[in-house]
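Each chain, written out:
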Amino acid sequence: FNVTRDVIPLVSVDASYMMDDEIGYVRVKNFGEHTYSEMMVALAELNMKGMRSLMLDLRGNSGGYMHVAIQMANEFLEKNQLIVYTEGSKVKREDYRAKGLGSFKHLPLVVLVDEMSASSSEIFAGAIQDNDRGTIIGRRSFGKGLVQQPMEFSDGSVVRLTIARYHTPSGRCIQKPYEKGHGEDYEN
């Protein structure tokens, strides 16, 4: 056998179509390097087909790059609306706000989440919910909201140290609480 190495593209937006004459549907399976541009292409195509409202599906999306979730939320929020903030016991609060340059600030929006929607999915959904920008439908999300700082060692290994937590605009901590001795409850 001759095996030829090739670049295999990994897409984040794995479905986009019109559900009817007015409702567009976009499924985002993760927040990767090209997710924002993929979403914008999908939204432009749906817009040309007459989209008047959007259903954005984040079910099963375990997250990815935080800056991509912020870019995406920026498309739907007005200038200076809070998207997310980080804060830790030894790290001061840092706010991430919308720039107000988004093309879809007035498009009716529904976001689907489930128990596997985590991290960046929760940042996006929390920004939409807390700014009363859209409706969130589904199950309680995973609860993964820790800010981790990588520390590299000379042998190439890395330790990720938790330094802060993500909070939605209303102040809700995305990370679900953990109580020592209640690990099974935490997992369930």
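Just so it is clear, the structure is predicted and the values come from calculations on it, not from any experiment. Position labels on residues start from 1 in each chain and follow its written sequence. Totals for whole chains, interfaces and linings use all residues, but because this is a predicted model, local features are given only for residues with pLDDT of at least 70 and pairs of side-chain atoms are given and counted only at 80 or more. To get the side-chain values, all heavy atoms of the structure are used, and hydrogens and water are removed first.

Participant: Which parts of the structure should I look at to understand the packing of helix α1 (residues 35-48) against helix α2 (residues 66-74)?
Facilitator: Each packed pair of helices is defined by two parameters, the angle between the axes and the distance between the axes. Close contact between α1 and α2 brings their axes to 9 Å; oriented N to C, the two are set at 25°. It follows from the interaxial angle that α1 and α2 lie roughly parallel. Residues T35, Y36 and M39 of α1 form the contact with α2, whose own contacting residues are V68, Q71 and M72. Axis lines are fitted through C-alpha atoms, for helices just across the contact stretch, and the angle between N-to-C directions can take any value from 0 to 180 degrees. A run of H or I in DSSP counts as a helix once it spans at least four residues, and a run of E counts as a strand once it spans at least two, with each numbered from the N terminus. Here is the rule for angles: anything less than 35 degrees is roughly parallel, anything more than 145 is roughly antiparallel, 65 through 115 is roughly perpendicular, and the remaining ranges are oblique. Contacts: residue pairs with any heavy atoms within 4.5 Å of one another.

Participant: What am I meant to see in a nonpolar patch on the surface here?
Facilitator: Patches were defined on residues exceeding 30% relative accessible area and lacking a salt bridge, with like-charge contacts within 9 Å and nonpolar side-chain contacts (Val, Leu, Ile, Met, Phe, Trp, Tyr) within 5 Å. Only the protein chains shown count as cover for residues, with accessible areas throughout obtained via the Shrake-Rupley method and a probe of 1.4 Å. Definition used for salt bridges: Asp or Glu carboxyl oxygen within 4 Å of a side-chain nitrogen of Lys or Arg. Nonpolar side chains collect at one region of the surface, where M151, F153, V159 and L161 lie side by side and expose about 340 Å² of accessible area between them. The topology assignment puts L161 in strand β9 (residues 158-167).

Participant: Sorry, what's going on with the nonpolar core here?
Facilitator: Taken as a class, soluble globular proteins show a tendency for nonpolar side chains to be buried jointly. Counting residues in each nonpolar core, the largest one holds 39 residues, and the members touching the most others are V26, L43, F76, I83 and F124. Setting aside residues no more than four positions away along its own chain, F124 makes contact with F31, L56, L58, A69, M72, A73, F76 and V111. Side-chain atoms within 4.5 Å are what join buried Ala, Val, Leu, Ile, Met, Phe, Trp, Tyr and Cys residues into a set we call a nonpolar core. Each residue gets one of three labels from its accessible area relative to the maximum for its type: buried under 20%, exposed over 50%, partly exposed in between, using a 1.4 Å probe on protein chains only.

Participant: I tried to follow the sheet that holds strand β6 (residues 109-113) on my own but got confused; where do I start?
Facilitator: Sheet strands pair by backbone hydrogen bonding; their relative direction is either parallel or antiparallel. Strand order in the open sheet formed by five strands is β1-β2-β3-β6-β7, and the pairing between neighbours is mixed. In the strand order of this sheet, the two ends are held by β1 (13-18) and β7 (135-138), each with one partner. Averaged over all pairs of adjacent strands, the angle between their axes in this sheet comes to 20°, without regard to strand direction. When DSSP finds two or more bridges between a pair of strands, those strands are recorded as paired. Sheet analysis places strand β2 (residues 23-28) next to strand β3 (residues 53-57), joined by five bridges and oriented parallel. Looking at β3, one finds that R27 is bridged to D57. Contacts between α1 and the sheet are confined to β1, β2 and β3, with β1 contributing the most and set at about 15° to the helix.

Participant: Please clarify how the sheet that holds strand β8 (residues 146-152) should be interpreted in this entry.
Facilitator: Across the sheet, which stays open at both edges, the four strands sit in the order β5-β4-β9-β8 with antiparallel pairing between neighbours. Because the sheet does not close on itself, it has two edges, and the strands there are β5 (94-97) and β8. On average, adjacent strands in this sheet sit at an angle of 30° to one another, irrespective of strand direction. In this structure, β8 lies alongside β9, joined through seven bridges in antiparallel fashion. Counterpart to L146 in the pairing with β9 is R165. Lying on the sheet, α2 is in contact with β4 (82-87), β5 and β9; it crosses β4 at an angle near 155°.

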